[in-house]
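Letter by letter, the chains look like this.
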Amino acid sequence: MAQRKRQLVSDELREAALQLLALKGFDAVTIDEIAATAGVSKRTFFRYFASKEDVVVQFLVDMGTGMRAALASRPGEERPSVALQHAVWVSMAACADHSDRALRVVRLILSTPALRARFLERQDQWRDDLAAELAQRLRLDPDTDLYPRLAAGMALTAFDAVLRRWSGSGGAEDPAELTRRAFATIAPALDSVG
């Protein structure tokens, strides 16, 4: 029951923050406003989040874990381009499933330098995780072989390009088709392992 209450408060804070930030812009919103809108104290806010940035970036926290898990679950004989496309699609599908909310968050992240920096920090960790998974799948040494890190970087660049295009279209473009096209472009490089 306590865990459920914690999740409800966290969700309330996140929703209040996203609404205010989308309405007023990142720099114009204070933590006091977010807490008041959510009906909690500033102290409660800091029990859940370390900063305003964390409220927004929290939306992205599980994406990297989901990508690595999706890659790990793919058949071992599958071409790297196909496996990585499925891994990236897990995160894009999460955005597509919550498109109104995801669009607000993605636009906020892409248009706010502090949030964009945090997003890029996250992607560095995702790159490391995907590279480690690729190295394991392909029985490569991640310390001496360039392929795992380069392939992970290409997959995340595709993810970033799809996110930008999808959010730039206001969600009008199909994220599944954008993902397919992005990976069709980089597949020859991804599948040239060795």
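Note that the coordinates shown come from a computational prediction; the quantities given were computed from them, not determined experimentally. (Residues numbered from 1 in each chain as written. Predicted model: local features only at pLDDT ≥ 70, side-chain atom pairs only at ≥ 80, totals over all residues. Heavy atoms only, no water.)

Moving on to the overall build of the chain. For the chain, the helix and strand inventory stands at 9 helices and 0 strands. The order of α-helices and β-strands along the chain, N terminus first, is α-α-α-α-α-α-α-α-α. In the chain, buried positions account for 43% of the 194 residues. Across the chain, the fraction of contacts at a sequence separation of at least 24, relative to all contacts at a separation of at least 6, is 68%. Accessible surface for the chain amounts to roughly 10000 Å². Of this, 52% is attributable to carbon and sulfur atoms. Of the side-chain charges in the chain, 26 are positive and 26 negative, and the distance between the mean point of each set is 4 Å. (Helix = DSSP H or I, 4+ residues; strand = E, 2+ residues; numbered from the N terminus. Buried < 20%, exposed > 50% of the residue type's maximum accessible area, 1.4 Å probe, protein only. Contact = heavy atoms within 4.5 Å. Areas by Shrake-Rupley, 256 points an atom, 1.4 Å probe, with all protein chains shown as cover. Lys, Arg positive; Asp, Glu negative; His and termini not counted. Charge placed at Lys NZ, Arg CZ, Asp CG, Glu CD.)

Angle between the axes and distance between the axes are the two parameters that describe a pair of packed helices. At a closest axis distance of 8 Å, the pairing of helix 1 (residues 2-24) and helix 2 (residues 31-38) adopts a crossing angle of 125°. For the element pair helix 1 / helix 2, the angle class is oblique. Taken as a pair, helix 1 and helix 2 cross one another with a handedness that is right-handed. For the pair formed by helix 1 and helix 2, the contact residues are E12, L13, A16, A17, L20 and K24 on the first element and E33, I34, A35, T37 and A38 on the second. (Axes fitted to C-alpha atoms, helices over the stretch in contact; angles between N-to-C directions. Parallel < 35°, antiparallel > 145°, perpendicular 65-115°, else oblique. Left-handed = near helix turned anticlockwise from the far one by under 90°.)

A few words on the pattern of salt bridges. Between side chains of opposite charge, a pair can form when the charged atoms approach closely. The final tally for this structure, using the stated rule, is 15 salt bridges. Taking the shortest distance from any N to any O, the salt bridge between E173 and R165 comes out at 2.8 Å. The class of E173 is partly exposed, set by a relative accessible area of 24%. Taking relative accessible area as the criterion, R165 reaches 42% and is therefore assigned partly exposed. Note that R180 is salt-bridged to E177, the shortest N-O span being 2.7 Å. Highlighted residues: R180 and E177, both in helix 9 (residues 175-190), separated by 3 residues, approximately one helical turn. (Salt bridge = Lys/Arg side-chain N within 4 Å of Asp/Glu carboxyl O.)

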